[in-house]
Every structure is written in C-alpha cells, then in structure tokens.
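Descriptive structure summary
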Amino acid sequence: MKPVENEPYEDERTALTKEAFKRAFLDNLFYVQGKFPALATQNDYYQALACAVRDRLLQRWISTAAAYTKQGSRTVAYFSAEFLMGPHLGNNLINLGIYAQVREAIAELGLDFDTLLRQEEEPGLGNGGLGRLAACFIDSLATLEIPSLGYGIRYEFGIFHQEIVDGWQMERTDKWLRFGNPWEILRPEWAVEVRLGGHTEQYRDEHERLRIRWVPGKVVVGVPYDTPILGYRNNTANTLRLWKAEAPESFDFSTFNRGDYGGAVRQKVWSETLSKVLYPNDEQIQGKTLRLEQQYFFVSASLQDMMRIMRVQKLPLERFHEKFAVQLNDTHPAIAVAELMRLLVDEHVLPWEQAWDITCKTFSYTNHTLLPEALECWPLELFKSVLPRHLDIIYEINARFLDEVRIRFYGDESRLVRLSLIDENGERYVRMAHLACVGSHTINGVAELHSELLKHDVLKDFYEMWPHKFSNKTNGVTPRRWMALSNPRLTNLLGDAIGDAWIKNLDELIELEPLADDAAFRQRWREIKHANKVEFAAFVKERNGIAIDPQSLFDVQVKRIHEYKRQHLNILHVIALYHRLRSDPNADIQPRTFIFGGKAAPAYHLAKLIIKLINSVADVVNRDPAVNDRLKVVFLPNFNVTNGQRVYPAAELSEQISTAGKEASGTGNMKFSMNGALTIGTMDGANIEIRQEVGAENFFLFGLTAEQVAQTKARGYRPLDHMTPELQEVISLINSGFFSRGDTELFRALTDGLLWHDPYLVFADFESYSECQLQVSKAYRDVDRWTRMSILNTARSGKFSSDRTIREYGADIWRAPSVPVRLLSQQDVKVGFMQ
Ligand code: F58
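Residues numbered from 1 in each chain as written. Predicted model: local features only at pLDDT ≥ 70, side-chain atom pairs only at ≥ 80, totals over all residues. Heavy atoms only, no water.

Turning our attention to the overall build of the chain. What the chain contains, in helices and strands, is 33 helices and 25 strands. In terms of overall size, the chain behaves like a compact globule, its C-alpha atoms giving a radius of gyration of 28 Å where 835 residues would be expected to give roughly 28 Å. Overall, the C-alpha framework of the chain stretches about 90 × 80 × 60 Å when taken along its three principal axes. In the chain, which comprises 835 residues, the share counted as buried stands at 61%. Long-range contacts, defined here as pairs at least 24 residues apart, represent 77% of the contacts in the chain between residues at least 6 apart. As displayed, the chain offers around 32,400 Å² of accessible surface, 51% of which is attributable to carbon and sulfur atoms. Across the chain, 98 positive and 109 negative side-chain charges occur, with their mean positions spaced 2 Å apart. (Helix = DSSP H or I, 4+ residues; strand = E, 2+ residues; numbered from the N terminus. Rg over C-alpha atoms; globule rule 2.2 N^0.38 Å. Buried < 20%, exposed > 50% of the residue type's maximum accessible area, 1.4 Å probe, protein only. Contact = heavy atoms within 4.5 Å. Areas by Shrake-Rupley, 256 points an atom, 1.4 Å probe, with all protein chains shown as cover. Lys, Arg positive; Asp, Glu negative; His and termini not counted. Charge placed at Lys NZ, Arg CZ, Asp CG, Glu CD.)

Rendered as structure tokens:
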C-alpha cells in the first residue's frame, strides 16, 4: 500500500487521516471479520471500524505505559463495583479528535455512520449515578493526564434491559457481550487466585514466628480484561481493568474420571457465577452472600495486581501508599481495608502497626447516600462464612480503634456502641461504612449539603473523632460525552461563538454570557434546541408510537425510579393539569410533553407501580381529544447512557424534585443544565450549587428545605394536613379506576401509602410544586426570557465538569501529579524492543 503523503510509512496502521482510516476499515473487514461487502452485516462494519479505532488507542496505550513505567509515577486506583461506561466508539472518536473525518470516511464508503454507531451494545455495568460517576471520573483522569487504573468487575450481564408491557416494567437479560467486545484485551498472564470461605489456623513458620494460615473452602481465578481509556486530545490512554471470575481448572478430573460429570463442572459453574450478573438494586442493599463474594473477589484481585505492579517496578511493599492512592467508590469495595491488612500482615509478614499505617495512608472513601437502608451492613455469620480471616482482622482493627475512642471520649459508653465496626443491637452486623471511615485518611460527600449532612448526621461520631478527615467534592460530569458527543448542534454553535476550549476547560463557557443579550444568537440557540427536539420527537414516534409536538415544552424526568426521587409528585401534577383541562376546556395551559424514563429495582414493587401509573396516565391523556394535544405523557423505555445522550439535548425543563436531604448530589441535573435546560427543583444535593451558579432568577425553586423536612418529621408529619381540593380530586380520580379501566384497587398501595404515611413528603410539597410549575409556564411563554435563562444555564455550568471534581480530588486527596505522554511511533517501539 502506498504511504499517505507526509506520513511516515511505518505509522500507516495508526495514522489519523481519512484515507488511512478507509484502508484500515477495509483491511479489518477482510482480515478481522472475514467478510466482503456483499456478505457483511452492519455489525461487521461496526466491528471493522472499532478495530481501526482500537489500533489508534493501542498506540497511545503503549506510549502511556512507557511514560508511566519510566517515571515510576504515583497512580490513582479507582475501586468501584460499577462502571457505567456507555458506548465507546463515538467517545473515542471525539477524544482522538477525528469524529468528523471518520464520519466522512464512512460516508464516502457508502455506509451510514450513525447506523454503525448504533450497533454497539452499551456496557451497562452500573445501576445509575454512582456507576456513571466512575465512568466520568476515569474520562477526566485521562484528560488531566493523571496515571490511573479503574478496577471493577466484568459482569457478563449488566443492568437489565427494561421493556414496558401493558404499562408494567419487564426485565430482560442484558447480553452485551453477545457479538464480542472489540474494546477489551484479555490479559490471562496477569490472572490471580482469590480464596473464599473455609477456616483459619495458627502455625509456626520456618523462623518460629506464629502466623495465621487461611484454609479456603474454594478458590476462584480472577482474569483481567483491560479497556483503554483515552484522554481528550492528548496522548494518554489509561486502563479500566475489569475482572472476570473463572474456575482454577476447567474440570475436576478426579471427579470426572469417576464418571460424575455433573459434579465435575459444578466447580466451574460456581466460579463463573461470581462475575455473572450485576445486582440491579439502587439505594437498597441486599444481604446476599454472592454480593459479598463479588465485592471481595474484585478487591482482592485488584490489590494483588497492584502488588504485582510494585514487584515489576522493583518497589518495596512498604511504599505501597506512595505508589498508589486508592479511592473507595462507596462501601462496596470497603473490604479492601481488611484485605490489604491481610496481604501485608499474613502474606508479607509486616508488623501490624506498619501495615495499618500503610493501609490508612492508601485509602480514601466517598459516600454516596444518605438513606439509612443503603448503608451496607453484613450479617456477622454470613460474613464469617465467606471471609473468616477478614472477620478476625476486623475484630482486631475494631479493638484498637475502640481503645482510641475510650481515651478520647472518657466514660462515653454509648459512643463506643455507636462507633463500633460491629453492630451489636440484636442480630450482629459488620458495618462497612465504619470500616471505610476507620481505614481511610479522607472521607468525602458528593455535594455541599450532602457533605454537611454526613458530618452532622450520618457520620457525626466519626466527624467528632476526626474532623480533619472530612471534605466535600461536588460531583461533575464529562463535557466530552455529555455535550461534544451528544449535542453536536450545540457544540458547533459554541465553536462558532467562543471556540472549542470549553471542551477541556468548561469554565470557558462563561464567554457565552454576553451573548444572552444578542437577539441573533438567541435565535440560533432556539433553532438548535428546536432541531434537537424534532430529532427526539422522531425517536419517540419510532419507540413509543406517540406523536409529540416539538413546539410544546419538553419537561423531562429521567433517573432511577425511587420514592425519594418523587416521580409520583410529577405524575400527580400531570393528573392535576389534566383535571384542570377537563373541568375547564378553555383553561389556558401551556402545551407540554412530559417525558419520563428510568428503571425500577426488580423487587421494588412501589417503584414498579409508579411506572405503571405513569403509563396508565399516558394511555388516557394521550388519546383524550378534550386535551386537544396540550398534554402528552411519554414513558421512554430502557433509560440508559445511550438514551440519555438522546434526551438531554432535547430537554427544556429538568425535573430535580427529590425530598430535600435525600439526593446526595445528582449528576443528571448537571447534564440538563449544561445542555440549556432550566431546572425545577428542591434545595437538595447539587441543585443548590446549580442554583447558586446559574443565579436564583434562572432556576425554579420549590418545596421544603432539608431542615424543614427534618422539623416537619420531628413534629409528626400528617399528610392529610396538606390535602388541598385539587390534590383530593387527583387522588380520587386515581382511586376511582379512571386510569385503570375501572380497577379501583390497582394503585391503592400507592395512594394509601401517600395518604397515611408519605415518607417522602409528596403532599407537603405538592402545592409549592404546582405553583412553581405555573411560574415555569409563564416564563416559557416569554420566549426571549426563556432563551436568555437557557443560555445562562449553559454559560454558568463550568463548575459541573468532572475535570474540576478530579482536580479537587487530585489536590486534596490523591496528590498524584500529571504525567504528560509523548506519542511513540511504531519505529520507537521497535527500536526499544530490539534493545
Ligand atoms: C448516587 N448513588 C446518588 N447508588 O444517589 C446520587 O445522588 C449521586 O449523584 C451519585 O450516586 C453519584 O455520587 C447511587 O447511584 C447506587 O446506584 C448504588 C448501587 C449499589 C447498591 C447501592 C446503591
């Protein structure tokens, strides 16, 4: 093949030109997929394109590995049970800076680029915000050139696929690996063994030292699969290392030879269940043995892997904390505290005190929840059966910790009970948040309010013990995926108006501010939002068969379905509007399209009933001619990263209506705001900071504050005290069977729950919410005012880039300097190889 002009021949395989891409694409179609165009499917084309991109990633990956090895750099290890990555292809093209030319190359080959992008099955290895945050963080770490590894689990089945059947959520298995995954590389040479169960015994080693031996009940092998994570337009490619569980031997041959075929494969089947499936619960932990095994499996494999890296780099284990900063993404990996102690003390024979010092200097812990039911606690007996040695280690950590508490808080017995790593009130539990707090040098919340509530409520005793450990790190999201990739029209307009620097430095968006007063710019802004709405309307038509009007206000609530997030507050308000229209056909109501999306945990019956109610209301409202198309309700099935990328650019109103004090931060709220949607929201999580940034006049605030919520509850909340005539009508309409073909019982669990308990204060906030929605409609009708507000939301969203968040973690917690990477050519690599 003839080399491209000005391109050294040896870099043909990784050149970024359009022509080089076309050649690579066709080569891969032949030699990787084994197809020629007449036989190729769209998926073959996607795989061929992905492999072409992958070659470019690998060049950066090798260059990065070389730079890090040479520098012996300090490395951030982000431990997370979930990484909700979303599709890689488009994002990698954006980060390589070649999106436009690859689109052109594919078009010139007579193929539809968007169809190819749609072939990618998204790796849904997370439930929601926590998993998506991990994905945004590793994007920002690479963009900021900070050496880092994401460690997690390669679930064979990610978050279930949601279908809506007769208005109900149905779960389908997510077979994301069905057609193979071109973005990962298997590294069998770095597999490690992980032990589980069994018992411990004492013995004397060859130096007569008393030591502990863990005799496991079973052993699994963790096999790493690596995915390169590109920085934005730099040469960095960090690693996401996910572990798959396998059996140590494919067959137990002694059993096999005895003719017990079933028994022989049982061990293999059991081993593989460890990384089989993601637990689909959000904000509700389930005390299942398999989940604890999953957590320990990936944590142990990762720590062993880090020790291998230390060995390769000839670093002594005593310097573990200098080489690695480990961030615990909630308590799911908190067992790492005990596991590192075990590895250092039992396996590497370090004295307890020294091992503890290393451990505490290694870990830091991020909390993501204020809901008591989401704080992980493991029944002691279950814990002991899976991790007998770790339980002993935790007892020892606890004994030493409580000694410290006794001295600090002389005579305060109840404090000891509250702080203990073991909950002894009734059935005994291991408290994972306490283990994380004791074993970490820093503890952080994910928004200002959340961090304050941690200090003064959930983790109050730890704050009193170690105030210096606590800090806030408000979440952020990556503008690469959530703006540049998903909103190309807006990206072009911003490029024309203020250049592209904002993609890497989101604060630059502030340059837009003066343009809010420029009528021509406002016009273009509106055109872009309108075009995005038209595109989204076509998608809704295709998916739901519902025609929605792009002139109506697109009012969106997409997130996991949970009572505290209050999708039911939203739908009650929709019913109120419907009732107003039916009672007065001439009522002057701003036409709106209410868009909902989100998954419910499969066993969370009330959340599933909320989905059913939304769909039932949609069925009635959407076909009632009396409403005259002024109201439309859409439940978008299977809300995930891909669908998020479709909906945020088209949204005009962002519903962030959780009960104040319940949503730790939220990150969807940020994605909406940076794409120009206005927020209707409570004083909760990061809403408070969004409002502060964009200005109170550009935010629709309603509802009780966290403090008022607490007071209301303390006084003894009675939902009926907040009943209004309109709310009464709404509840009666539901209970009359109007939305359920006359079935007066279908939604009873929901309505009775609200009337008699209402734990999340839906009734208390209903009036304030309805009133605020009137303000929204009024503002929307003043087209210039609304556009101004929208522009200012984008202009002032700079704070909510995950780059800012990562800079803060880097400065206050990790202290891992960036290491710029020089791109090695194939020639460089070959020369190095020969030496
Ligand atoms: C979320 N937590 C918070 N947990 O709810 C949200 O406010 C915050 O913005 C986000 O974390 C990132 O900080 C969350 O998503 C889970 O999904 C867990 C999954 C595993 C079981 C327990 C909940």
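Moving on, we come to the packing of aromatic side chains. Counting across every chain of the model gives 26 aromatic pairs. Measuring from centroid to centroid gives 5.4 Å for Phe137 and Tyr809, while their planes differ by 65 degrees, and the two rings are edge-to-face. In this pair, Phe137 sits in helix H6 (residues 129–143) while Tyr809 sits in helix H32 (residues 802–814), placing the two residues 672 residues apart along the sequence. Neither Phe137 nor Tyr809 differs from the other in exposure class; each is buried. Among the aromatic residues, those joined into a ring-pair cluster are Tyr78, Phe83, Phe137, Tyr809 and Trp814. (Phe/Tyr/Trp six-rings, centres within 6.5 Å; stacked < 30°, edge-to-face > 60°.)

Below, the discussion takes up empty space enclosed by the protein. Rolling a probe over the atoms, with the probe sized like a water molecule, indicates the empty space that remains. Counted by the stated rule, this structure contains seven cavities of 30 Å³ or more. In this structure, the largest cavity occupies an estimated 890 Å³ of space. In terms of lining residues, the largest cavity is bounded by 48 residues, among which Asn127, Gly128, Gly129, Leu130 and Arg560 are the most central. Counting only elements with at least two residues in the lining of the largest cavity, the list comes to H6, helix H24 (641–647) and helix H25 (668–674). Take the lining of the largest cavity: its biggest share by element is four residues, from H6. (1 Å grid on protein atoms, 1.4 Å probe; cavity = no way out; pocket = protein on both sides within 12 Å on 5 of 7 lines; lining within 4 Å. Points joined across faces, edges and corners; volume = space filled by probe spheres on them.)

Summarizing the sequence annotation, UniProt attributes the feature "modified residue: N6-(pyridoxal phosphate)lysine" (unreviewed entry) to Lys671 in the numbering used throughout. Relative to the elements of secondary structure, Lys671 occurs in helix H25. (UniProt positions renumbered as here; feature names shortened; annotations may be inferred.)

Moving on, we come to helix H29 (residues 748–756). Residue pairs three or four apart in sequence face the same way in an α-helix, which turns once every 3.6 residues. Along H29, the residues classified as buried are Leu750, Thr751, Leu754 and Leu755. Along the axis of H29, the buried residues cluster in a sector spanning 125 degrees; they form a single face. Buried residues along H29 sit in contact with helix H22 (567–583), helix H23 (605–623), helix H28 (725–735) and helix H30 (762–781). After H29 finishes, the residue Asp758 shows a positive phi value of roughly 45 degrees. (Arc of directions from axis to C-beta.)

Below, the discussion takes up the environment of Glu689. Looking at the element boundaries, Glu689 is found in helix H26 (residues 687–694). Expressed as a C-alpha distance, the spacing of Glu689 and Leu449, which sit 240 residues apart in the sequence, is 9.1 Å. Excluding its chain neighbours within four sequence positions, the residues that come into contact with Glu689 are Ala447, Glu448, Thr474, Lys799 and Phe800.

Further remarks concern the pattern of salt bridges. According to the stated counting rule, one finds 60 salt bridges in the structure shown. A salt bridge links Glu339 to Arg342; the shortest N-O distance between them is 2.9 Å. Residue Glu339 and its partner Arg342 are both found in helix H11 (residues 336–347); the two are separated by three residues, about one turn of the helix. The buried category is assigned to Arg342, whose relative accessible area is 3%. Linked through salt bridges whose partners overlap, the residues forming this network are Asp412, Arg415, Arg418, Lys460, Asp461 and Glu464. (Salt bridge = Lys/Arg side-chain N within 4 Å of Asp/Glu carboxyl O.)

Below, the discussion takes up the layout of surface pockets. When its volume is computed, the largest pocket comes out at roughly 1,400 Å³. Lining the largest pocket we find 46 residues, and of these Arg118, Phe539, Thr642, Asn643 and Arg646 sit closest to its centre. Sorting the residues of the lining of the largest pocket by element identifies helix H3 (89–96), helix H4 (99–108), helix H5 (113–119), strand S5 (161–165), helix H19 (479–485), helix H20 (488–498), helix H21 (519–544) and H24 as the ones contributing at least two each. It is H21 that provides the largest number of residues to the lining of the largest pocket, a total of seven residues. Across the lining of the largest pocket, the residue classes break down as 14 nonpolar, 15 polar and 17 charged. Shared between two domains, the lining of the largest pocket takes at least three residues from each, and those domains are domain 1 (60–472) and domain 2 (488–804). (Nonpolar A, V, L, I, M, F, W, Y, C, P; charged D, E, K, R; others polar. Domains from an automatic or database assignment.)

Okay, the domain arrangement of the chain next. Each assigned domain of the chain is listed here: domain 1 (60–472) and domain 2 (488–804). Centre-to-centre separation of domain 1 and domain 2, based on C-alpha positions: 34 Å. The interface of domain 1 with domain 2 comprises 42 residues on the first partner and 42 residues on the second. Note on domain 1 versus domain 2: buried area summed over both sides is about 3,300 Å², and carbon and sulfur give 58% of it. Counting every contact that joins domain 1 to domain 2 gives one salt bridge. Note that Lys608 is salt-bridged to Glu171, the shortest N-O span being 2.7 Å. If you look at where domain 1 meets domain 2, you find 18 residue pairs in polar contact (both at pLDDT 80 or more). Those elements giving two or more residues to the side of domain 1 that touches domain 2 turn out to be H6, S5, strand S6 (168–172) and helix H17 (448–458). Each residue belonging to the side of domain 1 that touches domain 2 can be placed in one class, and the counts come to 18 nonpolar, 14 polar and 10 charged. (Buried area = accessible area lost by both parts, 1.4 Å probe. Polar contact = N/O pair within 3.5 Å; in protein donor to acceptor, adjacent residues only side chain to side chain.)

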